[in-house]
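What follows is the residue order along each chain.
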Amino acid sequence: MKKSPLRSASRSPLLLAVLALAGAAGGARAQSSVTIYGTVDAGVQRTTHVANDATQITRRDNNKLGFRGVEDLGSGLKALFQLEIRYDPDTGALENNTRPLFQGQSRVGLQGNFGTLRLGRGLTAFQESVMAFEPWSGLPNVAGYQTNLQVAGYTSDPLSPAGNSANRFSNAVFYNTPVWNGFQVNATVATKEANGGPAVIGKGTTTAPQYAANANASNNPYSVSATYTNGPFAAMLAAERNAVEAKIWSVAASFKPIPDLKLMASFQRQDQSHTQFINTDTDAWVLGANWTVGVGKVLLGYGQKKPDGVLKTKQASVGYEYSLSPRTYLYLDLSHKRTPFVVTARSDVTQKHYALGVHHNF
Amino acid sequence: MKKSPLRSASRSPLLLAVLALAGAAGGARAQSSVTIYGTVDAGVQRTTHVANDATQITRRDNNKLGFRGVEDLGSGLKALFQLEIRYDPDTGALENNTRPLFQGQSRVGLQGNFGTLRLGRGLTAFQESVMAFEPWSGLPNVAGYQTNLQVAGYTSDPLSPAGNSANRFSNAVFYNTPVWNGFQVNATVATKEANGGPAVIGKGTTTAPQYAANANASNNPYSVSATYTNGPFAAMLAAERNAVEAKIWSVAASFKPIPDLKLMASFQRQDQSHTQFINTDTDAWVLGANWTVGVGKVLLGYGQKKPDGVLKTKQASVGYEYSLSPRTYLYLDLSHKRTPFVVTARSDVTQKHYALGVHHNF
Amino acid sequence: MKKSPLRSASRSPLLLAVLALAGAAGGARAQSSVTIYGTVDAGVQRTTHVANDATQITRRDNNKLGFRGVEDLGSGLKALFQLEIRYDPDTGALENNTRPLFQGQSRVGLQGNFGTLRLGRGLTAFQESVMAFEPWSGLPNVAGYQTNLQVAGYTSDPLSPAGNSANRFSNAVFYNTPVWNGFQVNATVATKEANGGPAVIGKGTTTAPQYAANANASNNPYSVSATYTNGPFAAMLAAERNAVEAKIWSVAASFKPIPDLKLMASFQRQDQSHTQFINTDTDAWVLGANWTVGVGKVLLGYGQKKPDGVLKTKQASVGYEYSLSPRTYLYLDLSHKRTPFVVTARSDVTQKHYALGVHHNF
């Protein structure tokens with residue numbers, strides 16, 4: 001077996017002075033395989049009826065700085081890796097000040113005729129697939145529907161540290177089949193490993209919570225989605241179970257009557273009967289449209305969420321994206337949301353949201 | 001509107017196996033727009049009369065690892081972003097172990113005939129402009145004058161977490177006019193957003209501090225500087241108000257009698273009457289020179305700071321930078337400072353400082 | 001002295017709008033000097049008799065994302081820097097969730113006829129040299145011998161924050177001589193600087209620990225190794241003293257009877273008499289082989305550790321690496337370890353370890 005200069009360099013401790021140079025040379029060759037990419041999105045926003053309802057400089061999209069590469073191993077086999085930093089552009093801190101360095105994802109794996117197999121941390125199959133059926137494309141924003149409505153308030157990773165992502169599995173295997181006549185199956189399975197999370201009282205008590213701090217999952221979390229694309233039509237069917245055995249299933253579809261107009265709809269049902277005595281089911285549905293007009297794109301959405309025994313949430317949003325280039329656009333969002341419980345403890349309020357900003361990919 | 005492969009890839013969840021490849025290809029195209037840059041500066045230093053006055057390996061300049069890009073949008077319009085990590089080279093940790101990942105700056109914006117408009121976090125207009133009139137170019141070092149004397153001990157961001165930068169605004173809009181006959185105006189305005197800072201007792205009490213922990217600014221922080229350059233002469237006039245309404249104004253000028261010699265002077269007055277009952281005003285002035293001799297550069301400075309009712313601080317420093325290349329130099333600093341209050345509680349001490357190290361830009 | 005556009009840009013605060021562009025141009029030139037490199041390694045592992053003995057997705061090797069560069073200064077002189085992030089691929093977090101951003105290393109220095117001189121943080125001379133004589137090449141893995149056996153349980157940096165690396169000096173000077181007839185000397189010396197570490201009780205008491213929290217080193221830590229290479233034969237002699245004056249010396253050698261087979265052996269003795277009353281000495285030895293067979297490599301090892309007054313540790317491991325390319329391989333490890341004290345408090349257990357995964361360099 002021939003080893004690359006890089007690998008030899010990183011392992012051989014002799015001749016350190018020589019290594020510094022050899023290592024650099026090896027690196028120069030490896031350089032070609034790394035792509036740096038990212039997103040910086042910042043704007044002025046205001047949301048009423050939240051803890052800090054002052055005008056803010058903040059983000060609408062996730063802000064990313066990522067590193068990825070593909071190595072051709074021959075015979076149709078490829079090695080893949082991707083590492084993605086997430087940050088808040090208004091303070092320069094890691095997302096929410098608490099999340100891991102590579103909050104976005106950290107994965108490595110192989111791709112071939114058999115599909116794609118990766119290990120590490122990333123979006124679950126369900127969370128990644130469902131975003132195509134949300135009019136804000138899954139942006140974690142007040143105007144969008146993904147976090148609160150589209151996934152029915154469901155959290156993929158309840159046993160990770162507080163403030164961590166709600167859409168990802170750590171310690172997981174990610175598998176995607178090849179696409180066969182427009183049909184694909186994606187599956188994510190995580191280990192039961194403890195991951196430093198807080199206690200979940202659930203059906204227990206404060207002194208004997210159902211899941212103690214740093215608890216292992218009681219069952220292997222999994223997520224599976226099947227997607228189908230046929231010309232202007234696309235559909236998804238998905239199911240997921242998290243570390244505290246909350247379950248969700250989802251069905252979604254989209255249709256393009258003309259190339260510039262995409263209509264979409266999704267329905268979700270979450271079942272929290274493993275950790276709750278009452279109000280265990282939450283249903284949600286979202287309707288949306290994306291309409292491209294010249295260099296502009298209009299986003300429209302309406303959705304409802306109905307947990308058992310709780311007032312309905314109803315949200316209507318409209319957005320506009322004005323492209324300055326394929327990589328850069330300005331945006332404007334307006335949103336109106338009737339929501340039953342908010343941090344200021346009013347029992348039923350109408351939350352208004354305004355956003356204006358710039359979104360830049362690199 | 002045509003979307004780039006990158007943007008499409010990051011949004012479309014179907015056909016995941018295909019995406020992994022398409023994403024990589026999109027990234028390859030985006031790659032051209034990212035520049036990696038940075039500074040590594042490490043040396044041996046000793047400062048007497050400080051908490052840890054042992055000989056240290058430490059930095060003289062800020063250590064940076066940054067990512068930035070400029071996209072040409074046509075018609076003289078450009079999109080800009082910059083993300084800058086700061087770290088301590090002696091331990092490999094983020095600056096002061098407490099600062100945000102992109103402590104240096106995280107900004108995105110547009111540049112055109114109208115000037116430059118950016119959003120995010122960065123140096124305030126005053127803090128960025130005043131450094132040109134300091135003989136150590138604003139290096140945050142014991143030998144330099146920026147932190148303690150040149151800005152009269154003023155802090156731009158008192159409501160950010162303890163240990164955070166004293167020179168920056170988070171949650172801000174940054175605007176620079178075009179340069180017009182050597183004249184430019186720079187303005188920074190921040191929102192009143194709370195940012196997780198500690199309580200500031202100010203004119204309150206321990207139980208009822210003037211600014212509670214995680215308080216909003218009582219007024220929008222702003223910073224404005226006007227700069228003028230005409231051949232060998234440059235000047236600045238600036239004013240700033242921070243989140244606890246401490247105010248500062250500053251006037252500074254520099255002159256080059258010969259191309260290799262730059263003489264500079266600055267005066268500052270800080271007003272802390274919003275949070276202090278006594279000793280509200282602090283005046284400071286700094287004189288300096290930079291003299292280039294062959295591949296060497298001599299730095300000279302003298303300055304004083306005089307808070308009301310407190311002993312004067314007096315500092316004299318001399319430095320030498322020996323360039324090995326346009327990107328790399330060795331440095332030697334000597335500094336002598338009479339300072340009224342130090343951590344060891346002596347009432348008036350003369351602090352000595354020695355530094356020898358290497359500074360490398362990449 | 002001519003300054004580069006980059007350096008001028010980073011220092012001159014006037015004409016900010018112009019700078020944004022000039023800086024970008026300067027950066028483009030600097031770009032050529034930065035190499036991005038790294039390792040992503042993730043697999044499925046199980047280790048019995050540990051706190052969390054569930055099947056895990058975790059790493060076998062250190063996962064790295066690094067930035068380095070070499071600048072040619074002329075006359076055989078070079079400037080070098082290297083910054084290396086370490087992370088856990090299964091969660092995307094920094095290594096152990098607690099370590100500094102550039103846990104791997106952060107160093108800058110010069111290289112010339114005189115050898116290589118660097119400042120900052122990195123592996124000590126002993127820790128870097130000894131890995132060539134360990135059959136898993138110093139991988140910090142249960143199957144490997146480096147952490148527990150090969151260095152006799154010794155820790156290079158006991159006064160850094162809890163959870164920090166055991167193999168590195170912060171605040172250090174690193175010197176490597178040129179290679180002379182196959183012979184090289186490497187030396188690392190650290191300052192006595194306090195570095196935020198926890199208290200070490202040692203020969204003190206809980207209330208008066210021998211080293212208080214955030215204590216300075218009682219003596220300058222140092223590490224020195226001498227290495228010799230002559231065709232198929234290599235050898236090392238090394239000694240080190242850490243911040244709490246634990247000492248270690250080590251002798252090691254390797255021999256290649258045929259190019260595809262490397263045999264290796266090392267012996268170490270640690271002396272903790274400065275901080276312990278009893279069981280001050282720990283001896284350890286490791287034998288190993290690396291055998292390349294086609295695109296595969298077989299790793300074999302056996303070793304023992306014998307602290308005074310404590311049961312012996314005995315470990316046997318076998319591994320197999322299957323190369324898919326010079327940058328990517330699959331691995332399989334099996335290990336069997338009789339160990340006296342484990343977290344579950346059994347007095348003598350046989351710990352079994354299995355690992356299967358993928359290792360990718362970029």
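Definitions and cut-offs
Residues numbered from 1 in each chain as written. Chains lettered and ligands numbered in written order. Predicted model: local features only at pLDDT ≥ 70, side-chain atom pairs only at ≥ 80, totals over all residues. Heavy atoms only, no water. Pairing = 2+ DSSP bridges. Helix = DSSP H or I, 4+ residues; strand = E, 2+ residues; numbered from the N terminus. Core = buried A, V, L, I, M, F, W, Y, C linked by side-chain atoms within 4.5 Å. Buried < 20%, exposed > 50% of the residue type's maximum accessible area, 1.4 Å probe, protein only. Contact = heavy atoms within 4.5 Å. Polar contact = N/O pair within 3.5 Å; in protein donor to acceptor, adjacent residues only side chain to side chain. Salt bridge = Lys/Arg side-chain N within 4 Å of Asp/Glu carboxyl O. Phe/Tyr/Trp six-rings, centres within 6.5 Å; stacked < 30°, edge-to-face > 60°. Lys NZ or Arg CZ within 6 Å of the ring centre and 35° of its normal.

Participant: I'm lost on the pairing of strand 10 (residues 233–241) of chain B in this one. Help?
Facilitator: As a general feature of sheets, a regular strand has side chains that alternate between the two faces. Residue and element names in this part refer to chain B. Pairing of strand 9 (residues 222–230) with strand 10, which is carried by nine bridges, proceeds in the antiparallel orientation. What sits directly across from Tyr 228, in strand 10, is Ala 235. Hairpin connection, strand 9 to strand 10: the antiparallel pair is bridged by two residues, and Gly 231 has positive phi, about 60°. Strand direction decides the pairing type here: strand 10 and strand 11 (residues 247–258), joined by nine bridges, are antiparallel. The residue bridging Arg 241 from the neighbouring strand is Lys 247, located in strand 11. Between the antiparallel neighbours strand 10 and strand 11 lie five residues, among them Glu 245 with a positive phi of about 65°.

Participant: Looking at this structure, how should I read the pairing of strand 9 of chain B?
Facilitator: Bridging between strand 8 (residues 183–190) of chain B and strand 9 of chain B involves seven bridges; their strand directions are antiparallel. Pairing of B:Asn186 across the sheet is with B:Ser225, part of strand 9 of chain B.

Participant: Honestly, the nonpolar core in this entry has me stumped. Any pointers?
Facilitator: Across soluble globular proteins, you tend to see nonpolar side chains buried next to one another. The biggest cluster of nonpolar side chains holds 54 residues, and the ones touching the most others in it are A:Leu65, A:Phe67, B:Leu65, B:Phe67, C:Leu65 and C:Phe67. In contact with C:Leu65, not counting residues within four places along its chain, are A:Phe67, A:Leu83, A:Phe102, C:Ile36, C:Tyr37, C:Gly38, C:Leu83, C:Glu84, C:Ile85, C:Tyr87 and C:Phe362.

Participant: Explain the environment of A:Gln127 here, please?
Facilitator: All names here are of chain A. Within the secondary structure layout, Gln 127 lies in helix 3 (residues 125–130). For the pair Gln 127 and Gln 351, spaced 224 residues apart in the sequence, the C-alpha separation amounts to 26 Å. Of the polar contacts made by the side chain of Gln 127, one reaches the side chain of Ser 156; its length is 2.9 Å.

Participant: Teacher, can you tell me more about the environment of A:Ala235 here?
Facilitator: The residue A:Ala235 is located in strand 10 (residues 233–241) in this model. Separated by 105 residues in sequence, A:Ala235 and A:Val130 have C-alpha atoms that sit 9.5 Å apart.

Participant: Honestly, the side chain of C:Gln127 in this entry has me stumped. Any pointers?
Facilitator: Residue and element names in this part refer to chain C. On the accessibility criterion, Gln 127 (0% relative accessible area) is buried. At 3.5 Å, the side chain of Gln 127 and the backbone oxygen of Ala 166 are in polar contact. One polar contact links Gln 127 to Asn 167, side chain to side chain, over a distance of 3.1 Å.

Participant: Looking at this structure, I do not really get the pattern of salt bridges. What am I missing?
Facilitator: Think of it this way: side chains of opposite charge can pair up when their charged atoms draw near. Applying the stated criterion across every chain, the model contains 27 salt bridges over all chains. In this structure, B:Arg99 engages B:Glu95 in a salt bridge whose closest nitrogen and oxygen atoms are separated by 2.5 Å. For B:Arg99, a relative accessible area of 16% puts it in the buried group. Between B:Asp283 and B:Arg269 there is a salt bridge whose closest N-O contact spans 2.7 Å. Within this pair, whereas B:Asp283 is found in strand 13 (residues 281–293), its partner B:Arg269 is found in strand 12 (residues 261–271), the two being separated by 14 residues in sequence. In this structure, a network of salt bridges that share partners links the residues A:Glu84, A:Arg86, A:Glu95 and A:Arg99.

Participant: I would appreciate a short explanation of the packing of aromatic side chains in the present structure.
Facilitator: Each aromatic ring pair is described using two quantities: the centre-to-centre distance and the angle formed by the ring planes. Taken as a whole, this structure holds 24 aromatic pairs over all chains when the rule is applied. When the ring of B:Trp285 is compared with that of B:Tyr302, the centres are 5.8 Å apart and the planes differ by 55°; the resulting orientation is tilted. Here B:Trp285 is found in strand 13, whereas its partner B:Tyr302 is found in strand 14 (residues 296–307), with 17 residues between them in sequence. With a relative accessible area of 31%, B:Trp285 lands in the partly exposed category. Each residue in the set A:Phe67, B:Phe67 and C:Phe67 is aromatic and connected to the rest through ring pairs, giving one cluster. Positioned over the ring face of A:Tyr331 is A:Arg60, at 4.5 Å from the centre of the ring.

By themselves, these figures tell us nothing about what the structure is for.
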